[in-house]
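# Residue-level structure breakdown
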Amino acid sequence: MEDWFKQFVILWSVIDPIGTIPVFLAATASFTQPALARKVALKAVLIAAVVLLFFVVAGEYLLDEMGIPLEAFQIAGGLVLFLFALTMIFGESKPDEEMGMIEKGLHSAVYPLAIPSIASPGAMMAAVLLTDNNRFSIMHQVITTGVMLSVLLITFILMLLATHIQKIIGVAGASVISRVMGLILAAVAVNSVLTGVELYFGLETAVSSSSALNGL
């Protein structure tokens, strides 16, 4: 249960359903019929699900074809996630940045709602790292995929309730939550880099061997 909760927190951080609410409201502000807004929400979540499932299924295969060790990808992915987390903490918050895209006339369920608001670069990276064939069994990967889809389902539900939630937390509240998620994501990213370095250079095995010799 601890592993599933950890994965849920990671996926929640990179997808950031709360931060998507102001973006969704801005994208559908001109809609007079609630049914149209619901249609946009459904389309955005479905597109994001397809994109993330692609990375779950084919992400590692593409790395293998290019001859890139997963450990190297894990280190690079951790660095990218860390930079992504820094932008969440110190830069424009996710709601502010992506609402700016909409204000420039880029109205669409695909952009910026599905990509990069829901299926963010961090989410794509996490989808590959959390379903590593060398570290996780097929059953584990299926459950991880289920956790990811559950976060997307929550994102869809929150978009349907966006008007009510916005009245409670406001844009400032969404910005604060986004920055807190960025801090959590930064810690996860650092851990990913350290684990990748250990695996790539065999430090974990070396430490274990040294401990065993000391025990003798």
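Per-chain confidence: the chain averages 79 in pLDDT, with 85% of residues scoring 70 or above. Across the chain, the secondary-structure element scoring lowest on mean pLDDT is helix 10 (residues 203-215), at 43, and the one scoring highest is helix 8 (residues 138-160), at 95. Contacts from residues 103-107, a stretch scored under 50 in pLDDT, to residues over four places away or in other chains number six contacts. The low-confidence segment residues 205-216 (pLDDT under 50) makes zero contacts with residues lying over four places distant or belonging to another chain.

With that out of the way, let us pick up the environment of alanine 189. Tracing the backbone through its elements, the reader meets alanine 189 in helix 9 (residues 162-201). For alanine 189, a relative accessible area of 0% corresponds to the buried category. Residues alanine 189 and alanine 85, 104 residues apart in the sequence, show an inter-C-alpha distance of 8.3 Å. Setting aside chain neighbours within four positions, we find alanine 189 in contact with Gly78, Leu81 and Phe82.

The subject of this paragraph is the side chain of aspartate 132. With respect to the helices and strands, the residue aspartate 132 is situated in the loop between helix 7 (121-129) and helix 8. Aspartate 132 has contacts with Glu60, Leu70 and Gln141, leaving out every residue within four places of it along the chain.

This next bit is on the packing of aromatic side chains. Counted under the stated rule, the structure contains two aromatic pairs. Measuring from ring centre to ring centre gives 5.8 Å for phenylalanine 8 and tryptophan 12, while their planes differ by 35°; the resulting arrangement is tilted. Here phenylalanine 8 pairs with tryptophan 12, and both are found in helix 1 (residues 2-15), just four residues apart, close to one helical turn. Residue classification places phenylalanine 8 among the partly exposed residues on the basis of a relative accessible area of 27%. Relative accessible area serves as the criterion here: at 17%, tryptophan 12 is assigned to the buried category. On the basis of an interplanar angle of 90° and a centroid distance of 5.6 Å, the ring pair of phenylalanine 54 and phenylalanine 55 is categorised as edge-to-face. On the basis of relative accessible area, phenylalanine 55 is assigned to the partly exposed category, the value being 26%.

Bringing unusual backbone geometry into the picture now. Positive phi, close to 55°, is recorded for aspartate 16, a residue that is not glycine. Inspection of the secondary structure assignment puts aspartate 16 in the loop between helix 1 and helix 2 (17-27).

Attention now goes to the side chain of serine 117. For serine 117, the position within the fold is in helix 6 (residues 109-118). What makes serine 117 buried here is its relative accessible area of 0%. Separated by 3.4 Å, the side chains of serine 117 and threonine 20 make a polar contact.

In this section: helix 8. Under the 1.5 Å per step criterion, the end-to-end length of helix 8 is 33 Å for 23 residues, consistent within 8% with the ideal 33 Å. Among the residues of helix 8, those classed as buried are His140, Gln141, Thr144, Thr145, Val147, Met148, Val151, Leu152, Thr155, Phe156, Leu158 and Met159. Buried residues in helix 8 make contact with helix 1, helix 2, helix 3 (34-65), helix 6, helix 7 and helix 9.

Glancing now at helix 4 (residues 70-89). For helix 4, with 20 residues, the first-to-last C-alpha span of 28 Å sits near the 28 Å given by 1.5 Å per residue. By the burial criterion, the buried members of helix 4 are Leu70, Phe73, Gln74, Ile75, Gly77, Gly78, Leu81, Ala85 and Met88. Next to the buried residues of helix 4 lie helix 1, helix 3, helix 7 and helix 9.

Moving on, we get to the packing of helix 4 against helix 7. Taken N-terminus to C-terminus, the directions of helix 4 and helix 7 make an angle of 150°; their axes are 10 Å apart at the nearest point. Judged by the angle between their axes, helix 4 and helix 7 are roughly antiparallel. The two elements helix 4 and helix 7 meet at a crossing, and its hand is left-handed. Contacts from Phe73, Gln74, Gly77, Val80 and Leu81 in helix 4 reach Gly122, Met125, Val128 and Leu129 in helix 7. Taken together, the residues of the contact of helix 4 with helix 7 break down into six nonpolar, three polar and no charged.

The rules behind each value
- Residues numbered from 1 in each chain as written.
- Predicted model: local features only at pLDDT ≥ 70, side-chain atom pairs only at ≥ 80, totals over all residues.
- Heavy atoms only, no water.
- pLDDT = per-residue confidence, 0-100.
- Helix = DSSP H or I, 4+ residues; strand = E, 2+ residues; numbered from the N terminus.
- Contact = heavy atoms within 4.5 Å.
- Buried < 20%, exposed > 50% of the residue type's maximum accessible area, 1.4 Å probe, protein only.
- Phe/Tyr/Trp six-rings, centres within 6.5 Å; stacked < 30°, edge-to-face > 60°.
- Polar contact = N/O pair within 3.5 Å; in protein donor to acceptor, adjacent residues only side chain to side chain.
- Expected span 1.5 Å × (residues − 1).
- Axes fitted to C-alpha atoms, helices over the stretch in contact; angles between N-to-C directions.
- Parallel < 35°, antiparallel > 145°, perpendicular 65-115°, else oblique.
- Left-handed = near helix turned anticlockwise from the far one by under 90°.
- Nonpolar A, V, L, I, M, F, W, Y, C, P; charged D, E, K, R; others polar.

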